[in-house]
Amino acid sequence: MKKIDITCINFDKLTKINSNLSSESTVYYNNDLVYKIYKDFSISELVEREAHVEATSKISNLRIAVPLAKLYNGYSFCGCVTAYKKGITLAEYERTHSIEELKDKLIDVSLELENIHQDKRKIILGDINYKNIIIDEENNDFTFIDFDGVGIKRMEPMGISAPLFEYLENRGIDYKGKQNYDRLSYLLSFYHTVFHKSIDDVSEDEFEKKTDELPFLNRSRYDFKVLKKKNKTVKDIPYFHDIFSK
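Below you will find a few notes about this structure. (Residues numbered from 1 in each chain as written. Predicted model: local features only at pLDDT ≥ 70, side-chain atom pairs only at ≥ 80, totals over all residues. Heavy atoms only, no water.)

Our focus in this paragraph is the pairing of strand 9 (residues 141-144). Of the strand pairs in this sheet, strand 8 (residues 133-136) and strand 9 are connected by four bridges, and their pairing is antiparallel. Residue pairing for strand 9: Ile134 is matched across the bridge by Thr143. Linkage of strand 8 to strand 9, two consecutive antiparallel strands, is achieved through a turn of four residues, within which Asn140 is found at a positive phi near 50°. (Pairing = 2+ DSSP bridges. Helix = DSSP H or I, 4+ residues; strand = E, 2+ residues; numbered from the N terminus.)

Written out as structure tokens, the structure is:
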């Protein structure tokens, strides 16, 4: 895998992404490439992340921005390079589109998630959130980004989505990378968009009232009731596209 020393990069010719958008990295980009430099990583975390970068670089999927090169500061690994993907994040898409449009876009993304899960390397995204998906509205396409920390082979994901973390913590369940948790994360994130709060704070009466406004929610009634329970194990969750339809 190609190695690039950061002293060879002219950062003055790159655009820096708002630091509020990424807590673990400083990110620069141009029209071709994204340069991601990790910050506040321990030596052991950098060793682990480098192994993830190496493994994920071998994935061939046009809808995944896989690492193309490793960044070094002298002899020390410090980041990675990916292709730049034109578009807006799913988080931005959510703010400018209706719930129905977001639901339809999540169906498309969920279909690709199932395809990714079928990879023999047993990929687990882990930190599934709307900022990690780029929507290209001009070409009606999308791309998964920040793929350098996903679980692959026997390596655990290096991140976890906030809705999933809260959900598991409220039930005293320890996180262990599972594809089922990827499916759960998408559903929890969507419920949070619909109700503007955690699923544990949504009453069944609120759910019923919301179905009057959004009739398609009826298709998730069973899953909503199951997820509301404070069980010590998580039920096998269907893919988003198996629950909802366009």
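A separate point is the pattern of salt bridges. Scanning the entire structure with this criterion turns up 21 salt bridges. Residues Glu54 and Lys58 are paired through a salt bridge, measuring 3.9 Å at the closest nitrogen-oxygen approach. With a relative accessible area of 53%, Lys58 lands in the exposed category. For the salt bridge of Lys86 with Glu138, the shortest nitrogen-to-oxygen distance reads 3.3 Å. Here Lys86, found in the loop between strand 6 (76-83) and strand 7 (88-89), pairs with Glu138, found in the loop between strand 8 and strand 9; they are 52 residues apart in sequence, far enough to count as distant. Shared partners join several salt bridges into a network, and the residues in it are Glu24, Lys36, Arg49, Asp146 and Asp148. (Salt bridge = Lys/Arg side-chain N within 4 Å of Asp/Glu carboxyl O. Buried < 20%, exposed > 50% of the residue type's maximum accessible area, 1.4 Å probe, protein only.)

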